[in-house]
Amino acid sequence: MAKLIYSAISSLDGYVADEDGNFDWAVPDEEAHAFINDLDRPVGTYLYGRRMYETMVGWETDPTLANESPLMEDFAQIWQAADKVVYSKTLEAVSTTRTRIERDFDPEAVRRTKVLARGDLIVGEPELAAQAFRAGLVDELHLFVAPMVVGGGKRSLPYNVRLKLDLLDERRFGSGMVYLNYRTRRTR
Ligand SMILES: NC(=O)c1ccc[n+]([C@@H]2O[C@H](COP(=O)([O-])OP(=O)(O)OC[C@H]3O[C@@H](n4cnc5c(N)ncnc54)[C@H](OP(=O)(O)O)[C@@H]3O)[C@@H](O)[C@H]2O)c1
């Protein structure tokens, strides 16, 4: 069965974006980006909230992104090869291939996708991830901790979720970013 992985780049104090919605401090450098490319290479499906999808869509629709460097081109190819599920009540159409819209987050549908999927699933947005955490669907965390304290903003991990975790792997990068890979323990 495929795993559902919550993947995020967070400040040390636990935010994916600061109070102004800014996350330029979270942009990975080349070393971390190459590592993320390798982590994402076997991923079969990305689960996105509508806004996150709109942030990512350029990896297929805007060739200037991929043309920036071989590293960016590699990521664009990885992203285009994966399936995308966009959760939205308002989005009428998508502008990328291998993409479908879901009007509600249905834990049972995600569970079925995990059984049938050809590769692991990544949920990369905290609010959507919160719904997956609460449904007991998250198997692993890929948490990148940026060397920043931002004091507030959008939390990387939800309130009211309590989980025991096993550390599977860790890695430090020259930029001061740290990668932590945890597996969630099943408590029920
Ligand atoms: N740290 C980083 O590296 C990084 C990178 C990129 C972005 N970010 C940050 O990540 C955040 C993105 O999160 P966000 O909350 O702004 O946007 P988001 O979750 O990607 O999008 C929110 C939208 O998703 C849809 N949605 C969410 N749950 C749903 C459900 N259960 N059913 C149906 N639709 C659902 C809704 O769309 P509709 O309104 O269409 O119904 C909702 O308005 C931003 O704050 C951004 O700054 C951080």
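Just so it is clear, the structure is predicted and the values come from calculations on it, not from any experiment. (Residues numbered from 1 in each chain as written. Predicted model: local features only at pLDDT ≥ 70, side-chain atom pairs only at ≥ 80, totals over all residues. Heavy atoms only, no water.)

Peer 1: What is the right way to look at the site of the ligand in this model?
Peer 2: Not every one of the 22 residues close to the ligand is listed here, only the nearest: Arg50, Met52, Ser88, Thr90 and Glu125. Within the side chain of serine 88, a nitrogen or oxygen atom sits 2.6 Å from an oxygen atom of the ligand. Coverage of the ligand by the protein amounts to 82% of the 920 Å² it exposes when considered alone. Contributions of two or more residues to the shell around the ligand are made by strand E2 (15–17), helix H2 (50–56) and helix H7 (126–134). (Near = heavy atom within 4 Å. Polar contact = N/O pair within 3.5 Å; in protein donor to acceptor, adjacent residues only side chain to side chain. Areas by Shrake-Rupley, 256 points an atom, 1.4 Å probe, with all protein chains shown as cover. Helix = DSSP H or I, 4+ residues; strand = E, 2+ residues; numbered from the N terminus.)

Peer 1: Even after reading the chapter, I still don't get the packing of aromatic side chains, so can you show me in this structure?
Peer 2: Two aromatic rings are characterised by how far apart their centres lie and by the angle between their planes. Applying the stated criterion across every chain, the model contains 10 aromatic pairs. With a centroid separation of 5.7 Å and an interplanar angle of 85°, the aromatic rings of tyrosine 6 and phenylalanine 133 are classed as edge-to-face. Here tyrosine 6 is found in strand E1 (residues 4–11), whereas its partner phenylalanine 133 is found in helix H7, with 127 residues between them in sequence. Across this residue pair, the class does not change: tyrosine 6 and phenylalanine 133 are buried. Centroid distance tyrosine 46 to tyrosine 48: 5.6 Å. Interplanar angle 10°. Geometry classified as stacked. Taking the ring centre of tryptophan 79 as reference, the NZ or CZ of lysine 84 above it sits at 4.1 Å. (Phe/Tyr/Trp six-rings, centres within 6.5 Å; stacked < 30°, edge-to-face > 60°. Buried < 20%, exposed > 50% of the residue type's maximum accessible area, 1.4 Å probe, protein only. Lys NZ or Arg CZ within 6 Å of the ring centre and 35° of its normal.)

Peer 1: How do you make sense of the pattern of salt bridges when you look at a structure like this?
Peer 2: Opposite charge on two side chains permits them to pair, given that their charged atoms come into close proximity. Overall, the coordinates contain 14 salt bridges when judged by the stated rule. Aspartate 74 is the salt-bridge partner of arginine 41, the closest N and O atoms lying 2.9 Å from each other. With arginine 41 in the loop between helix H1 (30–40) and strand E3 (45–49) and aspartate 74 in helix H5 (residues 70–81), this pair connects stretches of sequence that are 33 residues apart. When its relative accessible area of 41% is taken as the criterion, arginine 41 is described as partly exposed. The partly exposed category is assigned to aspartate 74, whose relative accessible area is 22%. The partner of glutamate 108 in a salt bridge is arginine 111, and the shortest N-O contact between them spans 2.5 Å. (Salt bridge = Lys/Arg side-chain N within 4 Å of Asp/Glu carboxyl O.)

Peer 1: How should I be thinking about the side chain of asparagine 37 in this particular structure?
Peer 2: The topology assignment puts asparagine 37 in helix H1. Look at asparagine 37 and you get buried, because its relative accessible area is 0%. Engagement of the side chain of asparagine 37 in a polar contact is seen with the side chain of aspartate 74, the distance being 3.2 Å. Contacts of asparagine 37, omitting those with residues within four sequence positions, involve Leu71, Asp74, Phe75 and Ile78. (Contact = heavy atoms within 4.5 Å.)

Peer 1: When you look at the sheet that holds E3 in this model, what are you seeing that I'm missing?
Peer 2: Pairing within the open sheet is mixed, and its eight strands lie in the order E5-E4-E3-E6-E1-E7-E10-E9. Among the strands making up the open sheet, the edge pair consists of strand E5 (99–102) and strand E9 (165–172). Within this sheet the neighbouring strands show an average axis-to-axis angle of 20°, counted without direction. As judged from the three bridges shared by E1 and strand E6 (residues 121–123), these two strands associate in the parallel manner. Directly across from isoleucine 5, in E6, lies its bridge partner isoleucine 122. In this fold helix H6 (residues 107–116) packs onto E1, E3, strand E4 (83–87), E5 and E6, with an angle of close to 145° to the strand it touches most, E6. (Pairing = 2+ DSSP bridges. Axes fitted to C-alpha atoms, helices over the stretch in contact; angles between N-to-C directions.)

Peer 1: Whenever I open this one, a nonpolar patch on the surface confuses me. Can you help?
Peer 2: Together, Met1, Val115 and Leu116 give the surface a local cluster of nonpolar side chains, amounting to about 400 Å² of exposed area. Looking at methionine 1, the relative accessible area reads 72%, which means it is exposed. (Patch = residues over 30% accessible without salt bridge, like charges linked within 9 Å, V, L, I, M, F, W, Y side chains within 5 Å.)

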